[in-house]
Every structure is written in C-alpha cells, then in structure tokens.
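# Observations on the model geometry
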There are 2 protein chains.
Amino acid sequence: MPRAGLDPAAVVAAAAALADETGPAGVTMGLVAERLGVRTPSLYKHIDSLADLNHGIAALAMAEAADAIRDAVAGLSGRDALAAMCRAFRDYVLKHPGRYAATTGATATGPGDPLALAGERVIGSMAAVLRGYRIEPDQMNHALRTLRSLLHGFATLQAANGFQWDADQEVSFTWLIDFAHRGLMSMSPDSPS
Amino acid sequence: MPRAGLDPAAVVAAAAALADETGPAGVTMGLVAERLGVRTPSLYKHIDSLADLNHGIAALAMAEAADAIRDAVAGLSGRDALAAMCRAFRDYVLKHPGRYAATTGATATGPGDPLALAGERVIGSMAAVLRGYRIEPDQMNHALRTLRSLLHGFATLQAANGFQWDADQEVSFTWLIDFAHRGLMSMSPDSPS
DNA sequence: CAAGGTTGGCTAATACGATTAGCTTTAAGC
DNA sequence: GCTTAAAGCTAATCGTATTAGCCAACCTTG
C-alpha cells in the first residue's frame, strides 16, 4: 500500500475545502479521509481530533483573511484603504463561508496559538487603516472592535443568508462602507459632538 | 409511569436553558431528556429532530430578543432610542449566549416560520429607531442591515470571548453606540458628503 | 547495500449520540 | 365505563468519532 504523503497542513486544507462546499457541519472525518484517498483512522496520525481539525480550519481561514486584507490595503490610505479592507474581508468570507464559519466558536488556546497570531495580523491591518483617521490613541481599541464587529457581522449574516429581503446586498455593503467612513471621520477629536 | 406533561415549547425551553449553560454543542437529546425527567426517545413525540430543536431554540431566542428591544425603546426616540436598543440587544445575547448562537446558521423555512416572524419584529423595532434619523426611505434597508450587522457582530464576538485584549468592553460598546449615532446622523440627505 | 527503527497506513473494535419500531399505559371525551 | 389518540417506555439500528494493535514503507546509519 503506497503512502499518501499527508501532513497536518494537507489534512486541514482538505477539510477547509470540504467546509466551503458542504458547510461546517459537513466536515466529517469520513468525508475528509475519503477526499484524501485514505481511511478514516489514518487522519489521527496528523490531527488530534475533530475539534483540533476545526481549530486548524479556523486558523487557516484567519490567516488567509489576514493575507487578503494586507494585500488589499497595500499602497492605499484613508477612505480608499477602508473600502478596500472592507471589501477584501467580505469577499474572502463569501468565497470561503465554511472555513470562516469555523472561526465563530473557535477560541485561541494561548498567545502562541496560530489562530491568535492570525487574528493579530487582521487587527494589525485594521489598525493601519484606522491610522488614516484622526482617532485618539486611547480610543483605537474601541474603534478596532467596532470595525471588526461591523465586518464580522455583515459577512457572517450574508454568508448565512441571514438577510431575508432582497435589496441588493452589494449596494448595502457600499452603504455600510460609507457609513463607517463617516462615523470614523466624526470620531476625530475636533469633530462636533 | 406518570406523564411528564411535556409539549414542544417545554422541550425547546429546556434545550435553550441547556444551551446557555453548556454552549450550543452541549445540547444533546440525552441531556435535554434527562433534564426533563424523561427518556431520550420520548422527545420525538414533541420535536422532529435535533435540527428541529435547534431551529426552535433560534426562534425562541429571536422572539425574546425582539421583546427585549421593543420594551427597551418604548417611549424613547433619537439617540436615546438607539442606545437603549443597542444595549438591550447586547445584554440579551450576553445573558443567553447559547440560545442566541443557535440563530447563527439557522435559516427560516419560509415566510410563516416563527423564526422569520421574530426576525421581522427585531427589524421592525430597529426601523422605528432609525425613523428618528433622517434616512432616505430607499436607504432604510441598507441602514437596517448595517445596524444589524454591527450589533450581531459585536454581541457574538463578545459572547464568544473573541476580543483578546482587555480594554473594558463596556467602554468599547459605548464608543460603538456613539459611532453608530454619528454615522447615522451623517447619512441624512442634507449632510455634507 | 543491509539492518533497524520510526512513521503512516490499515483493519477491527469500542463508545456514544440520533433516530426508528413497536409496545403499553395514561387520560380525555363520549 | 369504553374507545382512542397521545405520551411514555424498551430495544434495536445506524452513523460517526476515537482507540488498539498490526504491518508495510521509508529513512537512517553502518
């Protein structure tokens, strides 16, 4: 019996692809194994458990999202950077709804956890964008959380088809970006109360 | 063997309580049955499946959230209404993280689905609050989606302990409300671009 | 190149949770 | 007091995660 040449990253990658196709609940050890041309128990040579596999998918998704955002905002600033970041994040989640869904509920085990590190990279790119707005330094964390909430919320709701009625979601997202831009502008210290 | 006097609502209520205590993954037919003093198969006299039970939990959570928001904004308008609504929603999710988590991923089966109806009630209260801002009628849907995304995102991230660093989350939420208020104000048609 | 140990795959077995089948008793209505 | 639908039970089935233990394939080292 020839070897399949697997490693943890390959298993996680196959599971992530499966998650995107079937949804997070469709990620089963049997299906992942089948896709890799291997029997189910063999997966345990590379991952600890299904929970561990989901954690790996979440870390992969967060890292890919961080890359997408970093690339999107490179060379941009101000409102252009904000818009590019929002779209990059939203596009990533729409393109990979299953693996991003794995991040909801996944909790980092510690500061060195790849999931935590990837999350830090996302936050870092967001912070760079926010530097284009005149936010007081001691309010930066609040602004980051708010922005992250806005994007996470929109992306997950849209990915889950949570928006029932059918006004164009692309127009809504453009509206959201405008709203965020104006809100951030008005939070600068010399803006009227 | 005396009867337990169950009905679908009682089963869903017990499951929802369990979800809050153990997380959504902890909701198992066996545990729900045990909590109701009944054997597992008996639950199937009241619900169709575990998926059906989760759907019921989601509908319950959405209905309770709708009630909380309705009560919170009663008699208020403008910025006060916005703040009260945001806090009511956030507080509800923090108080019932498990059952609210059931709404992510639950999808309404049709227009008459209780989950859809409860969602409409939430949207309705949000729309009432937004009427205090001068939003163009054809942009109301965009504003609703944006507001919902913001709240859903913040509440779920906080409930999942997704905010790693430890700046006071209450202060962050106050900042978020201020941000939303200013953003909405500036989206009025006579505001500068 | 041959020996030996480590790794990655396999089959078989176990455990647990969801679900179904079919029986029995309760309780509600006539 | 009967009849009957509903609500509970036990027993059985099935799918999925996980573990145990075996064997072949690769890598190392002489």
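Please read all numbers here as calculations on a predicted model, not as lab measurements. (Residues numbered from 1 in each chain as written. Chains lettered and ligands numbered in written order. Predicted model: local features only at pLDDT ≥ 70, side-chain atom pairs only at ≥ 80, totals over all residues. Heavy atoms only, no water.)

## Focus on the interface of chain B and chain A
Heads up, the rule is: In what follows, a contact means two residues having at least one pair of non-hydrogen atoms within 4.5 Å. Accessible area that two parts lose when put together, evaluated with a 1.4 Å probe and summed over both, is termed the buried area. The rule for a salt bridge is simple: a side-chain nitrogen of Lys or Arg has to be within 4 Å of a carboxyl oxygen of Asp or Glu. The term polar contact refers here to a pair of N or O atoms within 3.5 Å; inside protein, the definition further demands a hydrogen-donor-capable atom paired with an acceptor-capable atom, and it admits residues adjacent in sequence only when both atoms are side-chain atoms. Strands are runs of DSSP state E lasting at least two residues, helices are runs of H or I lasting at least four, and both sets are numbered from the N terminus onward. In this count, Pro and Cys sit with the nonpolar residues alongside Ala, Val, Leu, Ile, Met, Phe, Trp and Tyr, while Asp, Glu, Lys and Arg are called charged and the others, Gly among them, polar.
On the side of chain A, 40 residues touch chain B, which itself brings 40 residues to the contact. Carbon and sulfur atoms supply 63% of the area that chain B and chain A bury against each other, a total of about 4000 Å² over both sides. Viewed at the interface, chain A and chain B are joined by zero salt bridges. Here chain B and chain A share ten residue pairs in polar contact (both at pLDDT 80 or more) between them. If you list the elements that add at least two residues to the side of chain B that touches chain A, you get α7 (140-159) and α8 (169-186) of chain B. When residues of the side of chain B that touches chain A are assigned to their parent elements, the largest contribution, 13 residues, is made by α7(B). Across the side of chain B that touches chain A, the residue classes break down as 18 nonpolar, 16 polar and six charged.

## Some details on the protein's contact with DNA strand D
For clarity, the cut-off: Near is defined per residue: the residue qualifies when any heavy atom it owns lies within 4 Å of the molecule or strand.
Around DNA strand D, the surrounding shell holds 21 residues, and the nearest of these are A:R3, B:R3, B:R39, B:S42 and B:H46. The sugar-phosphate backbone supplies 62% of the atoms of DNA strand D found within 4 Å of the protein. Taking B:K45, its side chain carries an N or O atom lying 3.3 Å from a base oxygen of DNA strand D. Within the side chain of B:H46, a nitrogen or oxygen atom sits 2.7 Å from a phosphate oxygen of DNA strand D. Broken down by class, the residue content of the surface near DNA strand D amounts to ten nonpolar, seven polar and four charged.

## Comments concerning the relation of the copies chain B and chain A
Note the cut-off: Alignment of copies: least-squares fit on C-alpha atoms of residues with pLDDT of at least 70 in both copies.
Laying chain B over chain A is done by rotating through 180° and shifting 0.0 Å along the axis; what remains is an RMSD of 0.1 Å. What the rotation and shift describe, once combined, is the action of a two-fold rotation axis. An overlap of 100% is found between the interface residues of chain B and their copies at the interface of chain A, pointing to a shared contact surface.

## A closer look at the UniProt feature "domain: HTH tetR-type" (unreviewed entry) in chain A
We count it as follows: UniProt positions are given in the numbering used here, feature names are shortened, and annotations may be inferred rather than shown by experiment.
Residues given the UniProt feature "domain: HTH tetR-type" (unreviewed entry) here are residues 12-46 of chain A. Across residues 12-46 of chain A, helical content stands at 51% and strand content at 0%; the span's end C-alpha atoms are separated by 9 Å.

## Observations concerning the protein's contact with DNA strand C
Inspection of the region around DNA strand C gives 21 residues, with A:R3, A:R39, A:S42, A:H46 and B:R3 positioned closest. Each atom of DNA strand C within 4 Å of the protein was assigned to sugar, phosphate or base; sugar and phosphate come to 65%.

## Quick word on the environment of B:L18
For B:L18, the location among the structural elements is in helix α1 (residues 8-22). Not counting residues up to four positions away in its chain, the partners in contact with B:L18 are B:G23, B:G26, B:V27, B:T28, B:L31, B:V32 and B:R35.

## Points about the nonpolar core
To keep it simple, the criterion reads: We define a nonpolar core as any set of buried Ala, Val, Leu, Ile, Met, Phe, Trp, Tyr and Cys residues linked to one another through side-chain atoms lying within 4.5 Å. When accessible area is computed with a 1.4 Å probe and restricted to protein chains, residues below 20% of their type maximum are described as buried, those above 50% as exposed, and intermediate ones as partly exposed.
A:L53, A:M85, B:L53 and B:M85 are the most contacted members of the largest nonpolar core, which totals 123 residues. Residues contacting A:L53, with those up to four places away along its chain left out, are A:V11, A:V12, A:A15, A:V27, A:M29, A:V32 and A:I47.

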